[in-house]
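Architecture and fold: a report
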Amino acid sequence: MAAAILARQRAERDEDGDCGFSLHSARVHEDLGNEEFRNLSLSGHVGFDSLPDQLVNKSISQGFCFNILCVGETGIGKSTMMDTLFNTSFEGEAASHSEPGVRLKAQAYELHESNVRLKLTLVDTAGFGDQINKEDSYKPIVEYIDAQFEAYLQEELKIKRSLFNFHDTRVHACLYFIAPTGHSLKSLDLVTMKKLDSKVNVIPVIAKADTISKSELHKFKIKIMSELVSNGVQIYQFPTDDETVAEINATMNGHLPFAVVGSTEEVKMGNKTVRARQYPWGTVQVENESHCDFVKLREMLIRVNMEDLREQTHARHYELYRRCKLEEMGFKDTDPDSKPFSLQETYEAKRNEHLVELQRKEDEMRQMFVQRVKEKESELKEAEKDLHEKFEKLKRQHAEEKKRLEEVKASLEEEMAAFGKRKTAAQLLQQSQAGQGAGAQTIKKDKDKKNSSFL
Ligand code: GTP
Ligand code: MG
């Protein structure tokens, strides 16, 4: 944005010479409608014409950030294209073909060119198109994009926000790699691009364009564009509102989707070294515009429209996400009568709504508690009654048992007494019998004594 503004302002200054200030004032006047601005001329140099340069210096010292998401089947040439675009080796590992689902891998890099620092994040879609059921393949991609918007929104909503040094990971451009089949788009391509078009700037590219003939490629491009239009897929259009780039952008919009070839292999062509792919029948030069659209892609993506992609991401896609999120949270700009509704009013309304809801819930819980207590109380009473009855029954049983045992005891005592009596009688009888026995023995002994004396 800053660079585009600067370019425009510089062009204006160059055109108007010293009259730059007056022209600007007139524009402001126009924009503000009813408010009156007086046009004044300065009698000497003041210095605020250095504002654009201050902006450039500030931007340069801050550095820039740009995030690219590559969506395409495994092995379609995503990593090679990134290496070719940025003329470096990002050293990404090739993805496995047996991923259970689509996994997004983000890797951040810092690149330097002249005195410009670029924080670049490349996001890869590992496993895209590898599953038998591809129905949900777009979901992890949408979730990733939303998660980056959410992180930015959270930072924005903080009381103490530091957007200045916040690492903005929102996706600025999504390169969608189409397989060079020469037929038509796959349903996976259409579904995915449709799901992404309101969230990110989608730039479709035909990958490995060296594998398709010139006439087939021409027809393929037309077919792709008509399928995108008939399915309502909105791809990113290079902007034509800025007159400095309007012409080139309009021409390039007519070449979409770009048919690209990627290679990091350097080949000597005459006295030049170029990046190319060599085949037994010839060489495809990556940067030769009659061989493929790689240069067009690089021009449009990096050299001309990088700032517009960043701006569109913020002003269109993020704005939409933010609006939906804030509306979901209950914030709105106007009340039902279309009168402006301030943030404070929204907050108060939300707070009151919340308090009423809280009160309702509290009452509900209190009633539920009372009900529960009552239920528990009657349950306890019932249990107490049961216990009481059980106790009474046991008490009765105990008394009966005691009575029965006392009777048994009494009868046993009677039996014991009778037994005692019988025992004493038996002892007496025994003693008397023993007495009689002893008497008979003494008589016998006396008789025996007498008999022996006679002898
Ligand atoms: P994953 O990371 O595994 O998903 O693959 P990828 O999409 O990153 O593909 P990668 O760049 O690793 O390239 C896969 C193969 O395709 C390599 O052998 C590349 O040399 C080859 N390749 C890349 N770009 C092109 C191209 O433009 N044309 C042709 N013919 N082959 C290419
Ligand atoms: Mg790769």
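Being a predicted model, the structure only gives us computed values, none of them experimental. Throughout, a residue's number is its position along its own chain's written sequence, starting from 1. Labels follow written order: the first chain is A, the first ligand is 1, and so on. In view of the model being predicted, local features appear only for residues whose pLDDT reaches at least 70, and side-chain atom pairs are presented and counted only at 80 or more, with totals across whole chains, interfaces and linings using the full set of residues. Computation of side-chain values covers all heavy atoms of the structure but excludes hydrogens and water.

**Some details on the overall build of the protein**
Across its full length, the protein holds 11 helices and 9 strands. With a 1.4 Å probe rolled over the protein chains alone, any residue whose accessible area is under 20% of its type maximum counts as buried; one over 50% counts as exposed, and the rest are partly exposed. For the protein, buried positions account for 31% of its 455 residues. Any two residues whose heavy atoms approach within 4.5 Å are treated as being in contact. Sequence separation of 24 or more characterises 66% of the internal contacts of the protein that already satisfy a separation of 6 or more. Accessible surface, the protein: about 30,700 Å² in total, of which carbon and sulfur atoms supply 53%. Secondary structure elements are taken from DSSP: a helix is a run of H or I of four residues or more, a strand is a run of E of two residues or more, and numbering for both begins at the N terminus. Residue exposure ignores everything except the shown protein chains as possible cover, and the areas themselves are Shrake-Rupley values with a 1.4 Å probe.

**Quick word on the sheet that holds strand β9 (residues 282-285)**
Strands are treated as partners if at least two bridges between them are detected by DSSP. One open sheet accounts for 3 strands, arranged β7-β8-β9; its pairing is antiparallel. Of all strands in the sheet, those with a lone pairing partner are β7 (266-269) and β9, marking the two edges. Strand after strand, the sheet turns through a mean of 65 degrees between neighbouring axes, direction not considered. As paired strands, strand β8 (residues 272-279) and β9 are joined by 4 bridges and run antiparallel to one another. Note on β9: the bridge partner recorded for R277 is V284. Axis lines are fitted to C-alpha atoms, over the contacting stretch for helices. Their N-to-C directions set the angle, which ranges from 0 to 180 degrees.

**What about the site of ligand 1?**
Ligand 1 sits among 17 residues. The nearest are K78, S79, T80, D210 and G262. Contact distances for ligand 1 include 3.1 Å between an oxygen atom and a side-chain N or O atom of K208. Under this definition, polar contacts are N or O atom pairs within 3.5 Å; protein pairs additionally need one hydrogen-donor-capable and one acceptor-capable atom, and for neighbouring residues in sequence, both atoms have to be side-chain atoms. Here a nitrogen atom of ligand 1 and a side-chain polar atom of D210 are 2.9 Å apart. Of all the secondary structure elements, the ones that give two or more residues to the shell around ligand 1 are α4 (78-86) and β8. By convention in these notes, a residue is near a molecule or strand provided one of its non-hydrogen atoms lies within 4 Å of it.

**Brief notes about the environment of L228**
Examined against the element boundaries, L228 turns out to sit in helix α7 (residues 214-230). You can call L228 buried: its relative accessible area is 1%. Separated by 39 residues in the primary sequence, L228 and D189 have C-alpha atoms spaced 9.8 Å apart. Leaving out residues up to four positions away in the same chain, L228 has contacts with L185, L190, M193, P204, V233 and I235.

**Points about the nonpolar core**
Ranked by internal contacts, the top residues of the largest apolar core, which has 73 residues, are I68, L175 and L301. Of all the elements, helix α5 (residues 139-157) adds the most residues to this core, at 7 residues. Among all residues touching L175, those that are not within four sequence positions of it are I68, L69, C70, V71, M82, L85, I203, V205, L297 and L301. The nonpolar core is taken to be a set of buried Ala, Val, Leu, Ile, Met, Phe, Trp, Tyr and Cys residues, with the residues joined through side-chain atoms within 4.5 Å.

**Looking at the side chain of N249**
With respect to the helices and strands, N249 occurs in helix α8 (residues 243-253). Once residues lying within four places of it in the same chain are set aside, the contact partners of N249 are F238, P239, T240, M300, V304 and N305.

**Digging into the sheet that holds strand β6 (residues 258-259)**
Read across the open sheet, the 6 strands follow the order β2-β3-β1-β4-β5-β6; overall the sheet is mixed. The open sheet has two free edges, formed respectively by β2 (103-113) and β6, since each of these has just one partner strand. Relative to strand β4 (residues 173-178), strand β1 (residues 64-71) is paired through 4 bridges, and the arrangement is parallel. By the bridge assignment, I68 is partnered in β4 with A173. Its contacts with the sheet put α5 on β1, β2 and β3 (116-126), and the angle it makes with β2 is roughly 50 degrees.

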